[in-house]
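Remarks on the overall topology
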Amino acid sequence: MFIADTHSDTLFNLARGAKIDEVDITPARLHDGGVTLQVFAMWSGPKGPGGDYAALAEQESGTDSPLTVRDVVSLGTMPHRSLLGFGTMRLPMTEAVIDEAQVREMTRYAIENGVNYFDTAYPYHGEYSEDAVRQALVERYPRDSFVLADKMPILRVKAPEDYDRFFSEQLRRCGVGYFDVYLLHNLGRDRYPNAQRFGAFPFLLRLKKEGQVKNIGFSFHDDADTLDQILTDHPEVDVVQLQINYLDWNAAVAQSGRCYEVAARHGKDVIVMEPVK
């Protein structure tokens, strides 16, 4: 399992000088008196929730039980990457605009301490998040030193040709020639019919064949039965991004536990969002 997050409001300070594959992360703030990073961790294990997860949830109910992250993992066709991800949905602001200087410093701190997975999306920050990623990350670090994930705004797609238009714009905004991970953004039962109608999945496969994306999938905030239907219809996807955390594991709405089990049954890698609530 790969761990990343883009949606939680909780921010962590990382221990100064510690590499990400060595730092102990608990569901609380860790202070170093310096930069605040929007990066998160949950857990990693070969069996996944239902076995290790329950034990860790019980362990984490105490105040002195850190959740240790010590390994890096592979995601799809990518080489080993950090268990922690840097989300860009809620970047620091100054007078209603992104604080570019602070984002650059956050990015530097993340890179130097082992975080190399960065996540953005077309609508984040009023469509300025991708530009911020370009300025803070892409223009300052070698392309092969980080993994970049972006998302197709399927809610705005009104015709098949919109996919190419949005994707080209995203490449331009981010200043890259390809994305390591490319997802259909917030796919669910209400949006799935139009994704089918307009050819979203053939579009993803074409991008992958052309080398413009390396891993394809979708982010998801819906019920487990819908997830099962999508993955049954489209076994070609590499990864799904799911809302998984302790509080939502048995929740009737989020269905974190059931959704994880569906993804595991289909043999899909999971990117975790909102692991801290």
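Below is a summary of the structure that appears in this document. Everything quoted here is computed from the prediction, not taken from an experiment.

Our next topic: the overall build of the chain. Tallying secondary structure elements over the chain gives nine helices and 13 strands in all. By the burial criterion, 56% of the 277 residues in the chain qualify as buried. Considering only contacts in the chain between residues 6 or more positions apart, those separated by 24 or more positions represent 73%. For the chain, the accessible area works out to roughly 11,900 Å², and carbon and sulfur atoms hold 49% of it.

Here we take up unusual backbone geometry. Notably, glutamate 95 is not glycine yet its phi reads approximately 50 degrees, a positive angle. For glutamate 95, the location among the structural elements is in the loop between β6 (93-94) and β7 (97-98). Located in the positive-phi region is glutamine 255, a residue other than glycine, with phi close to 50 degrees. Take glutamine 255: it is sitting in the loop between β12 (239-243) and α9 (256-265).

Next up on the list: helix α8 (residues 224-233). Looking at α8, one finds that the buried residues are Ala224, Thr226, Leu227, Ile230 and Leu231. Down the axis of α8, the buried set is contained in an arc of 160 degrees. They therefore lie on one face. For α8, the secondary structure elements touched by its buried residues are β10 (179-187), α6 (192-197), α7 (200-210), β11 (213-220), β12 and α9. Where α8 begins, the capping side chain belongs to aspartate 223, and its oxygen is found 3.1 Å from the backbone nitrogen of aspartate 225.

On to the packing of α8 against α9. Where α8 meets α9, the closest approach of the two axes is 9 Å, and the angle between their N-to-C directions is 15 degrees. By the angle class used here, α8 and α9 are roughly parallel. Judged by the twist between their axes, the crossing of α8 over α9 is right-handed. Taken together, the residues of α9 that come into contact with α8 (itself represented by Ala224, Asp225, Leu227, Asp228 and Leu231) are Arg258, Cys259, Val262, Ala263 and Arg265.

For the rest of this paragraph, the subject is the environment of valine 276. Secondary-structure assignment places valine 276 in the segment after β13 (269-273). When the C-alpha positions of valine 276 and isoleucine 244 are compared, they lie 8.6 Å apart, and in sequence the two are 32 residues distant.

The side chains of a regular strand alternate, first on one face of the sheet and then on the other. With five of its five residues buried, β12 lies for the most part within the structure. In β12, alternate side chains face the same way, and those of Val239, Gln241 and Gln243 on one face and Val240 and Leu242 on the other are all buried. Taken together, the four bridges between β11 and β12 define a ladder with parallel strand orientation. Directly across from serine 219, in β12, lies its bridge partner glutamine 241. Read from β11 through α8 to β12, the crossover connection turns out right-handed. In terms of strand pairing, β12 meets β13 through five bridges, oriented parallel. Within the sheet, the bridge partner assigned to glutamine 243 lies in β13 and is methionine 273. Between β12 and its parallel partner β13, the chain crosses via α9, and the hand of that crossover is right-handed.

Evaluated as defined, the whole model comprises ten aromatic pairs. Ring geometry for phenylalanine 218 against phenylalanine 220: centres 6.2 Å apart, planes inclined by 70 degrees, an arrangement best described as edge-to-face. Take phenylalanine 218: its relative accessible area is 0%, and that puts it in the buried class. Summarising the aromatic geometry, the rings of tryptophan 249 and tyrosine 260 are spaced 6.3 Å apart at their centres and angled 45 degrees between planes, so their arrangement reads as tilted. Note that tryptophan 249 is positioned in the loop between β12 and α9 and tyrosine 260 in helix α9, a separation of eleven residues in sequence. Accessibility classification places tryptophan 249 together with tyrosine 260 in one group, the buried group. The positively charged end of arginine 173 is found above the aromatic ring belonging to tyrosine 122, 4.1 Å away from the centroid.

Across the interface, helix α4 (residues 129-138) lies against helix α5 (residues 161-174) with an axial gap of 7 Å and an inter-helix angle of 40 degrees. With respect to each other, α4 and α5 are oriented oblique. Every residue of α5 that contacts α4 at Glu130, Asp131, Arg134 and Val138 is listed here: Gln170, Arg172, Arg173 and Cys174. In the contact of α4 with α5, the residues fall into two nonpolar, one polar and five charged.

About the cut-offs
Residues numbered from 1 in each chain as written. Predicted model: local features only at pLDDT ≥ 70, side-chain atom pairs only at ≥ 80, totals over all residues. Heavy atoms only, no water. Helix = DSSP H or I, 4+ residues; strand = E, 2+ residues; numbered from the N terminus. Buried < 20%, exposed > 50% of the residue type's maximum accessible area, 1.4 Å probe, protein only. Contact = heavy atoms within 4.5 Å. Areas by Shrake-Rupley, 256 points an atom, 1.4 Å probe, with all protein chains shown as cover. Arc of directions from axis to C-beta. Polar contact = N/O pair within 3.5 Å; in protein donor to acceptor, adjacent residues only side chain to side chain. Axes fitted to C-alpha atoms, helices over the stretch in contact; angles between N-to-C directions. Parallel < 35°, antiparallel > 145°, perpendicular 65-115°, else oblique. Left-handed = near helix turned anticlockwise from the far one by under 90°. Pairing = 2+ DSSP bridges. Right-handed = clockwise from strand over helix to strand, strands pointing away. Phe/Tyr/Trp six-rings, centres within 6.5 Å; stacked < 30°, edge-to-face > 60°. Lys NZ or Arg CZ within 6 Å of the ring centre and 35° of its normal. Nonpolar A, V, L, I, M, F, W, Y, C, P; charged D, E, K, R; others polar.

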